[in-house]
Amino acid sequence: MECGIVGFQAVGKTTLFKALTAHAIEVQAGSMAPNVGQAEIPDPRLDQIAGVITTRKIIPAKVQLVDIPGVPSGGGASHGSILANIRNVDALCHVVNCFDGVTDARSACQDLLTELALSDLVLVESSLDKATRAARGGDKEAAARRDVLERCKGVLEDEKPLRSATWNEQEQAILRSYGMLSSKPQLVVANISETDIERTDQVATELSEFIADQDELIVLCAELESQIAELPPDDRDEMLSSMGLQEPAIGPLARAINTLLGLGAFYTAGEKEVRSWIIRQGSSAPEAAGSVHSDIERGFIRAECYHVDELLELGSEKAIKSAGKLRSEGKQYIMQDGDVVHFLFNV
Ligand SMILES: Nc1nc2c(ncn2[C@@H]2O[C@H](COP(=O)(O)OP(=O)(O)OP(=O)(O)O)[C@@H](O)[C@H]2O)c(=O)[nH]1
Ligand SMILES: [Mg+2]
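Below, the structure is looked at part by part. (Residues numbered from 1 in each chain as written. Chains lettered and ligands numbered in written order. Predicted model: local features only at pLDDT ≥ 70, side-chain atom pairs only at ≥ 80, totals over all residues. Heavy atoms only, no water.)

**Describing the overall build of the chain**
Scanning the chain from terminus to terminus reveals 14 helices and twelve strands. For 347 residues, the compact-globule estimate of 2.2 N^0.38 gives 20 Å, and the chain sits close to it at 23 Å. Taking the principal axes of its C-alpha atoms as reference, the chain extends roughly 65 × 60 × 35 Å. Taking all 347 residues of the chain together, the buried fraction comes to 45%. Within the chain, contacts between residues separated by at least 24 positions form 68% of all contacts whose residues are at least 6 apart in sequence. Only carbon and sulfur atoms are counted for the fraction: they give 47% of the accessible area of the chain, which is about 17,600 Å². Within the chain, the 53 negative side-chain charges are centred at a point lying 9 Å from the centre of the 33 positive side-chain charges. (Helix = DSSP H or I, 4+ residues; strand = E, 2+ residues; numbered from the N terminus. Rg over C-alpha atoms; globule rule 2.2 N^0.38 Å. Buried < 20%, exposed > 50% of the residue type's maximum accessible area, 1.4 Å probe, protein only. Contact = heavy atoms within 4.5 Å. Areas by Shrake-Rupley, 256 points an atom, 1.4 Å probe, with all protein chains shown as cover. Lys, Arg positive; Asp, Glu negative; His and termini not counted. Charge placed at Lys NZ, Arg CZ, Asp CG, Glu CD.)

Structure (structure tokens):
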């Protein structure tokens, strides 16, 4: 699962990508190829667990990002290839330029959404004929595609994004197979100028009425985030506290991207390391085990778990055991957000 950083040209996407990936990836200025990298997902629960369970290392999970070249407004030769890049990602982090003024940002935000929806409409129209013909020949799968495409057409002609409609799992899989742009979950990042940092809340209010209800809005200054990410940890803490901040804005952004992708976290904790792991929400215990190691999934016996809040409340794993709060979960167990797990396995 990966999230695309998308938007019009020169809105600060690569600047934000550099901040999120802590400058670990070399990016080519003006390249037409996407930059691919991972962002750490800072998680306050990791420190909380390590406060109770003595450990040598804390390892946060990471989320996969693709920094896609800007969509040229008004078309152009590269337009198609850039949209094709966007079709391949699972969710969109839509960056809007607010450092040149908030009024323009509102319409720019709408313009990009319109552009994505129009491109979907073109795709729907070209695919509908093919699916209809195949369905007439008795192809059941094509009939399902035709039905989804017909519904898509209706939604898009009403000038709505595809994600505003409700789709069952099978329909969602069809939308994904076409890479429908407006069906992808998205959040909006308003990239403000350094001088507007103190106006962050105000900008959020000004923009919020233009953002669809279901979309999250994060206001930050990408340039500043990028500079903060380059500082050594001590200087970073000093800079943040001088600004009255607990953590850089990319922290909540990375967590929001993870949620947007439909992912959640569970934890393993021991002397060696306290670590968070990313899984699809609704994953079973063996699937979660598989994200740690395929052997643990293969030889899965059971998962001993408790919730991180119980650890904080009771103060130790021993106390959790004596209080009867250590659960023994089998293969059918669906992982819950905040589970701390010991997997028992045999290979
Ligand atoms: N003042 C200010 N300038 C910014 C900010 N973020 C980006 N810029 C400037 O905007 C320009 C483009 O930044 P990039 O991060 O390369 O933008 P991009 O969206 O990746 O651009 P393309 O990939 O070419 O579409 C650079 O000159 C940045 O310095 C910001 O938060 N404040
Ligand atoms: Mg760029």
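Now that the structure has been shown, the text picks up again.
**Observations regarding the sheet that holds strand S6 (residues 186-191)**
The strand order across the open sheet built from six strands is S2-S4-S1-S5-S6-S7, with neighbouring strands paired in mixed fashion. On the outer flanks of this sheet lie strand S2 (35-40) and strand S7 (216-220), each paired with one strand and no other. The sheet shows a mean angle of 25 degrees between the axes of neighbouring strands, taken without regard to direction. As paired elements, strand S1 (residues 2-6) and strand S4 (residues 62-67) share four bridges and run parallel to each other. (Pairing = 2+ DSSP bridges. Axes fitted to C-alpha atoms, helices over the stretch in contact; angles between N-to-C directions.)

**As for the packing of helix H4 (residues 102-136) against helix H5 (residues 140-157)**
The relative placement of two packed helices comes down to the angle between their axes together with the axis-to-axis distance. It is at 8 Å that the axes of H4 and H5 come closest, and there the two elements cross at 150 degrees. On the basis of the axis angle, H4 is roughly antiparallel to H5. Considering only the axes of H4 and H5, their crossing is left-handed. Together, Ala-117, Asp-120, Leu-121, Val-124, Glu-125, Ser-127, Leu-128, Ala-131, Thr-132, Ala-134 and Ala-135 of H4 and Ala-142, Ala-143, Arg-145, Arg-146, Leu-149, Glu-150, Cys-152, Lys-153, Leu-156 and Glu-157 of H5 make up the contact between the two elements. Grouping the amino acids of the contact of H4 with H5 by side-chain chemistry returns twelve nonpolar, two polar and seven charged. (Parallel < 35°, antiparallel > 145°, perpendicular 65-115°, else oblique. Left-handed = near helix turned anticlockwise from the far one by under 90°. Nonpolar A, V, L, I, M, F, W, Y, C, P; charged D, E, K, R; others polar.)

**Re the side chain of Glu-115**
Looking at where Glu-115 falls in the secondary structure, it is placed in helix H4. Despite its burial, Glu-115 remains without a salt bridge, the nearest opposite charge being carried by Arg-87 at 10 Å. In this structure Glu-115 touches Phe-8, Val-71, Pro-72 and His-79, once residues within four positions along its chain are discounted. (Salt bridge = Lys/Arg side-chain N within 4 Å of Asp/Glu carboxyl O.)

**Some details on the pairing of S1**
Across the five residues of S1, four count as buried, placing the element largely inside the fold. As paired elements, S1 and strand S5 (residues 91-97) share four bridges and run parallel to each other. Considered in S5, the bridge of Ile-5 is made with Cys-93.

**Comments concerning the environment of Ile-68**
Along the chain, the position of Ile-68 falls in the loop between S4 and helix H3 (79-87). Owing to a relative accessible area of 1%, Ile-68 belongs among the buried residues under this scheme. Distance from Ile-68 to Gly-4, taken between C-alpha atoms, is 6.5 Å for residues 64 residues apart in sequence. Not counting residues within four places of it along the chain, the set of residues in contact with Ile-68 comprises Gly-4, Ile-5, Val-6, Lys-13, Pro-34, Ile-82, Asn-85, Ile-86 and Val-89.

Any functional reading would require information beyond the geometric quantities listed.
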